[in-house]
Amino acid sequence: MEDYNSETDSDYNNYWRDWFISARGHEYFCEIDEEYLTDRFNLTGLQQEVQYYQYALDLVTDVFDFECEDEVREQIEKSARHLYGLVHARYIITTRGLAKMLEKYKKCDFGRCPRVLCRSHPLLPLGLSDIAQQKSVKLYCAKCEDVYSPKSTRHAAIDGAYFGASFPHILFQVYPGLIPPKCNERYTPRCFGFKTHAQAALVRWQEGERGRQDVRLAEAGVETFYGLSSDRDFSLRGGGM
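Throughout this document, residue positions are counted from 1 along each chain, in the order its sequence is written. In keeping with the predicted nature of the model, local features appear solely for residues at pLDDT of at least 70, side-chain atom pairs appear and are counted solely at 80 or more, and the whole-chain, interface and lining totals rest on all residues. Values shown for side chains rest on all heavy atoms present in the structure; no hydrogens or waters enter the calculation.

- Looking at an unreviewed UniProt entry, one finds the protein named Casein kinase II subunit beta and attributed to Morchella conica CCBAS932.
- UniProt positions are given in the numbering used here, feature names are shortened, and annotations may be inferred rather than shown by experiment. As recorded by UniProt, the Sequence similarities (unreviewed entry) comment attached to the protein reads in full: "Belongs to the casein kinase 2 subunit beta family."
- As recorded by UniProt, the Function (unreviewed entry) comment attached to the protein reads in full: "Regulatory subunit of casein kinase II/CK2. As part of the kinase complex regulates the basal catalytic activity of the alpha subunit a constitutively active serine/threonine-protein kinase that phosphorylates a large number of substrates containing acidic residues C-terminal to the phosphorylated serine or threonine."

## What to know about the packing of aromatic side chains
Working step 1: Between the rings of Phe, Tyr and Trp (Trp by its six-membered ring), a pair exists once the centres lie within 6.5 Å; its type follows the angle of the planes, with under 30 degrees stacked, over 60 edge-to-face, and the other angles tilted. Evaluated as defined, the whole model comprises 13 aromatic pairs.
Working step 2: Look at Trp16 and Phe20: their rings are 5.2 Å apart centre to centre, the planes differ by 15 degrees, and that puts the pair in the stacked class. A residue pair is termed a helical-turn pair when its members lie 3 or 4 positions apart in one helix, as Trp16 and Phe20 do in helix α2 (residues 16-22) at 4 residues. In this structure, Trp16 and Phe20 share a single accessibility class: buried.
Working step 3: Taking 5.2 Å as the distance between ring centres and 35 degrees as the angle between the ring planes, the aromatic pair formed by Phe29 and Phe163 counts as tilted. You can see Phe29 sitting in the loop between α2 and α3 (34-37) and its partner Phe163 sitting in the loop between α7 (153-156) and α8 (167-174), a full 134 residues away along the chain. As far as the burial class goes, Phe29 and Phe163 line up, both buried.
Working step 4: One aromatic cluster is present, formed by Trp16, Trp19, Phe20, Tyr28, Phe29, Tyr84, Phe110, Tyr162 and Phe163 through successive ring pairs. Secondary structure follows DSSP: runs of H or I at least 4 residues long count as helices, runs of E at least 2 residues long count as strands, and numbering of each begins at the N terminus. Each residue is placed in one exposure class: buried if its accessible area under a 1.4 Å probe, protein chains only, is under 20% of its type's maximum, exposed if it is over 50%, and partly exposed if it falls in between.

## A short note on α8
What sets the pattern is the α-helix's 3.6 residues per turn: residues three or four places apart point alike.
Working step 1: Residues of α8 that are buried: Phe167, Pro168, Leu171 and Phe172. Viewed along the axis of α8, the buried residues span an arc of 130 degrees, placing them on a single side of the element. The directions considered for the arc run from the helix axis to the C-beta atoms.

## Thoughts on the side chain of His121
Working step 1: Structurally, His121 is set in the loop between α6 (95-106) and β1 (124-126).
Working step 2: Given the relative accessible area of 14%, His121 is considered buried.
Working step 3: Should any heavy atoms of two residues lie within 4.5 Å, those residues are counted as being in contact. Beyond its immediate stretch of four places on either side in the chain, His121 contacts Tyr105, Gly111, Arg112, Cys113, Cys141, Lys143 and Pro180.

## Focus: the environment of Ser152
Working step 1: Take Ser152: it is sitting in the loop between β3 (146-148) and α7.
Working step 2: Counting along the chain gives 127 residues from Ser152 to Gly25, while the straight-line C-alpha distance between them is 8.0 Å.
Working step 3: Reaching out from Ser152, the side chain makes a polar contact with the backbone nitrogen of Arg154 at a distance of 3.2 Å. In protein, a polar contact requires one atom able to donate a hydrogen and another able to accept it; more generally it is a pair of N or O atoms within 3.5 Å, and residues adjacent in sequence count only if both atoms are side-chain atoms.

## Thoughts on the pattern of salt bridges
Working step 1: Any Lys or Arg side-chain nitrogen found within 4 Å of a carboxyl oxygen on Asp or Glu counts as a salt bridge. One pass over the full model with this rule turns up 10 salt bridges.
Working step 2: In this structure, Arg17 and Asp62 form a salt bridge, with 3.6 Å as the shortest nitrogen-oxygen distance. Note that Arg17 is positioned in helix α2 and Asp62 in the loop between α4 (53-60) and α5 (70-91), a separation of 45 residues in sequence.
Working step 3: The exposure class assigned to Asp62 is partly exposed, which follows from its relative accessible area of 24%.
Working step 4: Two residues, Glu209 and Arg212, come together in a salt bridge whose shortest N-O distance is 2.7 Å. Taken together, the residues span about one helical turn, with Glu209 and Arg212 both in helix α9 (residues 198-219) at a distance of 3 residues.
Working step 5: Residue Arg212 is classed as partly exposed on the basis of its relative accessible area of 44%.
Working step 6: Residues joined by salt bridges that share partners form a network here, namely Arg17, Glu34 and Asp62.

Right, dumping it as structure tokens:
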């Protein structure tokens with residue numbers, strides 16, 4: 001509430017979506033069209049997921065007119081934010097919603113890839129789960145095809161289900177011209193300008209595999225007679241010849 005410009009309760013009621021979109025930490029969200037919110041077909045199945053569903057919907061659509069105690073009002077407000085997020089995940093994969101999110105993507109509203117070799121490529125919000133209260137929102141880079149955590153703690157607290165696990169991929173299916181060339185460039189370890197020996201990388205990989213195998217054997221109750229990554233371990237496997 002502190003982030004809303006108006007101090008009057010009536011203004012807050014009349015412009016709930018404006019307040020929600022402009023609130024700090026809500027930069028990833030786009031504004032849902034009122035026509036979409038008032039079409040009950042688009043809200044199918046949400047009554048069971050949102051407490052105070054009807055009051056929350058009235059608040060989101062700016063028709064809330066219910067006198068209640070502050071504690072109840074706070075719960076309704078919480079439900080309204082949750083309802084908006086769930087509807088948002090559905091809205092942003094519509095034609096209109098994709099267009100709005102595309103504009104935000106072009107303006108880099110979701111940030112840029114922290115990977116140096118991606119050269120600040122813009123990111124897109126992604127949920128690792130479509131189920132609410134499972135995973136927080138992550139950021140997807142189409143150039144390196146990897147995901148990252150948001151820098152801001154405000155953004156990191158957003159539920160990933162408010163964007164869904166399919167949004168970035170649907171966006172690029174609808175706008176294939178935006179698909180960036182894949183970044184095949186990889187960092188090459190060097191010592192004094194010379195590449196590190198490939199055998200060293202192979203040994204590290206082998207040691208890692210041995211360690212994981214030991215863990216799997218231990219979990220299966222199979223007794224081993226060597227440590228996870230020792231010279232004796234290596235010789236017992238027949239590698240110390």
